[in-house]
Amino acid sequence: MVVIRLARGGAKKRPFFNIVATDSRNRRDGRFIERIGFYNPMASGAEVGLRITEDRLAHWQSVGAQLSPTVARLVAQNKKAAA
């Protein structure tokens with residue numbers, strides 16, 4: 001099953017997450033199919049904290065990919081902020 005989830009990057013105490021489409025059997029930071037966006041929880045000032053490519057997200061959901069709970073929350077926040 002394809003799942004859309006966070007893959008952690010960044011340095012110690014400075015997390016940075018890529019939002020990726022991956023097979024659910026792969027490791028968290030392992031191989032992925034496609035990078036859909038990113039989430040930077042440490043963003044401040046003019047830095048972008050969250051960016052999601054909406055058309056690719058819609059594509060993966062249309063072919064049956066499931067969102068992880070955290071990504072679902074981030075997508076909902078992003079839609080609320082855009083409206």
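Only a predicted model underlies this, so the values are computations on that prediction, with no experimental measurement involved.

Parameters and conventions
Residues numbered from 1 in each chain as written. Predicted model: local features only at pLDDT ≥ 70, side-chain atom pairs only at ≥ 80, totals over all residues. Heavy atoms only, no water. Salt bridge = Lys/Arg side-chain N within 4 Å of Asp/Glu carboxyl O. Buried < 20%, exposed > 50% of the residue type's maximum accessible area, 1.4 Å probe, protein only. Core = buried A, V, L, I, M, F, W, Y, C linked by side-chain atoms within 4.5 Å. Helix = DSSP H or I, 4+ residues; strand = E, 2+ residues; numbered from the N terminus. Contact = heavy atoms within 4.5 Å. Polar contact = N/O pair within 3.5 Å; in protein donor to acceptor, adjacent residues only side chain to side chain.

**A word on the pattern of salt bridges**
Going through the model one piece at a time under the given rule, you end up with three salt bridges. Arg25 is paired through a salt bridge with Asp23; the nearest N and O atoms lie 2.9 Å apart. The partner of Arg28 in a salt bridge is Asp29, and the shortest N-O contact between them spans 2.8 Å. Exposure remark for Asp29: the relative accessible area of 38% places this residue in the partly exposed category.

**Examining the nonpolar core**
With 13 residues, the main nonpolar core has Ile4, Ile19 and Ile36 as its most contacted residues. When contributions to this core are tallied by element, the ones reaching two or more residues are strand S1 (2–11), strand S2 (14–23), helix H1 (54–62) and helix H2 (69–82). Look past the residues within four positions of Ile4 in its chain and what remains in contact with it is Ile19, Val20, Ala21, Ile36, Leu57, Trp60, Ala65, Gln66, Leu67, Ser68 and Val71.

**Let's talk about the environment of Arg25**
Along the chain, Arg25 falls in the loop between S2 and strand S3 (34–39). Classification of Arg25 as exposed rests on a relative accessible area of 70%. Among the polar contacts made by the side chain of Arg25, one reaches the side chain of Asp23 at a distance of 2.9 Å.

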